[in-house]
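Commentary on secondary and tertiary structure
Listed below are the residues making up each chain.
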Amino acid sequence: MGESVFNLVRAATSFALIAVTWCAADAAATTTAHGNSQRQAPASRVFYIDPLRGDDAASGRSTRTPLRTLSQVALLDLQAGDRVRLRAGVVHLGTLTAWQSGAAGQPIIVDSYGTGGRPVVQRAGCVDVPGNHWRITSIVAKDCAFAGFQVRGDNVKLRNIEATGNVIGVAIEPAASNAVVRSSHLHDNNRMAPDNPGPDDDYGANGLVVSGTGALIVDNLIEGHRAPSADYGHDGAAIEVYGATGTRIYRNVARDNLAFVELGHASTTGTRISYNSVTSVHPSSSFVITRGESTFGPVRDTVATHNSVRLTGAGSKGVSCHPNCTAGILKIGSNVIQAADVGYAEAPNGSLAAISLGYNVYDDLDDDGWFGLLRAATDVRAAALFDLIGARLLLRATSPAVDIGGPSWSTDIRYAPAPADGNGDGRVDADAGAYERQPPVR
């Protein structure tokens, strides 16, 4: 349609009925002032899955005509902006394979509908996402063959999910980029991978394993990752970073894992660990384990700042960086670390490695006269003086971590303001650890 005709239709109010008829006939396209047509994006569609009342021969387009099995998702021609909804309050057996791709700003969404608890995907492969631009929320993956959620595509976001009873709760594979795991509960994924008869090849009991690029792990509760191991006695970690680049681990609460973060593989680089709260009662538990030049390293450029750590089990160790540890392997700053042994960082020449950025508080519970971390001038070796309220590692007003100084974010693990004058002494300097002490409410 030419420009003059288009303007004539707009102006001719006496022929409104003709204009309406024209619009209806051409609803699939928009017409520009120069006569060019542009196809509109198709309307988003919703598909429903109900293992109790569904039928795989149905359309799946309404709650009255749902599909029955998760396998049908792989057969759908899903487009950007479409949504797949699993019936809440029931168990869905099998594998949900999300191979299709959404688009930036228009992800394909998986969530739930109906009443009851979050839908549980159980056994088999559970949730496998090789596609790009997916957003998966409010789904539980339990007792799966390997991983509860396996992310292989780009820009996949998991929020308010739960993974339990698996070898790995969430596996972010090498091909994945920009994955996000947020506000989720990963717990008791305490199975070891089968069929590993070698002397040094056991693995499993992980909340997350990150092997992709640019992953963000934020605001999660991660607990209970520890399992018997033929090779190591026990194994497991809240988060394992292996062959990953640019992983960010922020504002998580970790409880009773064997390790919080374990890093390996020479291609791993650029990991940031900040504002996490880590507690464990297990013997030999750890905060961060990493390596210099060795069989599983070197792992380069890991920085851990503003973490609060309390490990009370016998033989617990805050930081482990050896052999061949340098500041290019690991830097630590503004942490509060309480453990039987706060850590050990061994330089290539066998001396203690200079890895501190300063402003750390070290509370060595064994106090056996041996100390494995080289202190910077602003580091403090003293009792942490945690104010344990509701399992949070808050600081007492008299803690040496309060107003210790140094750089900080503008908010702490709770998104409370930082720095703040939490002890009322008139100073507004940053506290060490994940929790900035707040002024009393008047």
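Residues numbered from 1 in each chain as written. Predicted model: local features only at pLDDT ≥ 70, side-chain atom pairs only at ≥ 80, totals over all residues. Heavy atoms only, no water.

A few words on the sheet that holds strand 6 (residues 108-113). Strand order in the open sheet made by the twelve strands is 3-4-6-8-11-14-17-22-25-28-31-34, with parallel pairing throughout. If you trace the sheet from one side to the other, it starts and ends with strand 3 (46-49) and strand 34 (356-358), each paired once. Put simply, the sheet's adjacent strands are angled 10 degrees from each other on average, direction ignored. Bridge count between strand 31 (residues 330-333) and strand 34: two bridges; the pairing is parallel. Counterpart to Ile332 in the pairing with strand 34 is Ser356. (Pairing = 2+ DSSP bridges. Helix = DSSP H or I, 4+ residues; strand = E, 2+ residues; numbered from the N terminus. Axes fitted to C-alpha atoms, helices over the stretch in contact; angles between N-to-C directions.)

The peptide bond linking Gly297 to Pro298 adopts the cis configuration, its omega dihedral lying at 10 degrees. Along the polypeptide, Pro298 turns up in the loop between strand 27 (286-290) and strand 28 (302-305). Residue Pro419 is reached from Ala418 by a cis peptide bond, and omega for that bond is -10 degrees. By the element assignment, Pro419 lies in the segment after strand 38 (392-395). A positive phi angle, near 55 degrees, is found at Asn160, a position not held by glycine.

Moving on to the packing of aromatic side chains. All told, the structure shown has six aromatic pairs when counted by the stated rule. Aromatic side chains Tyr250 and Trp409 sit 4.9 Å apart centroid to centroid with 90 degrees between the ring planes, which places their arrangement in the edge-to-face category. Taken together, the residues span a long stretch of sequence, with Tyr250 in strand 22 (residues 248-250) and Trp409 in the segment after strand 38 at a distance of 159 residues. Judged by its relative accessible area of 17%, Tyr250 falls in the buried class. A centroid spacing of 4.7 Å and a plane angle of 35 degrees characterise the contact between Tyr275 and Trp409, whose relative ring orientation is tilted. Linking Tyr275 in the loop between strand 25 (272-274) and strand 26 (277-280) with Trp409 in the segment after strand 38, this pair joins segments that are 134 residues apart in sequence. On the basis of relative accessible area, Tyr275 is assigned to the buried category, the value being 2%. Here a set of aromatic residues connected by ring pairs shows up, and it is made of Tyr250, Tyr275 and Trp409. Taking the ring centre of Tyr415 as reference, the NZ or CZ of Arg251 above it sits at 4.0 Å. Lying across the ring of Phe371, Arg375 places its NZ or CZ 5.4 Å from the centre. (Phe/Tyr/Trp six-rings, centres within 6.5 Å; stacked < 30°, edge-to-face > 60°. Buried < 20%, exposed > 50% of the residue type's maximum accessible area, 1.4 Å probe, protein only. Lys NZ or Arg CZ within 6 Å of the ring centre and 35° of its normal.)

The full count for this structure, using the stated rule, is two disulfides. A disulfide bridge connects Cys126 with Cys144, and the sulfur atoms are separated by 1.9 Å. Since a negative S-S torsion denotes a left-handed disulfide, the Cys126-Cys144 link at about -90 degrees is left-handed. You can see Cys126 sitting in strand 7 (residues 120-129) and its partner Cys144 sitting in the loop between strand 9 (140-142) and strand 10 (147-151), a full 18 residues away along the chain. (Disulfide = S-S within 2.5 Å.)

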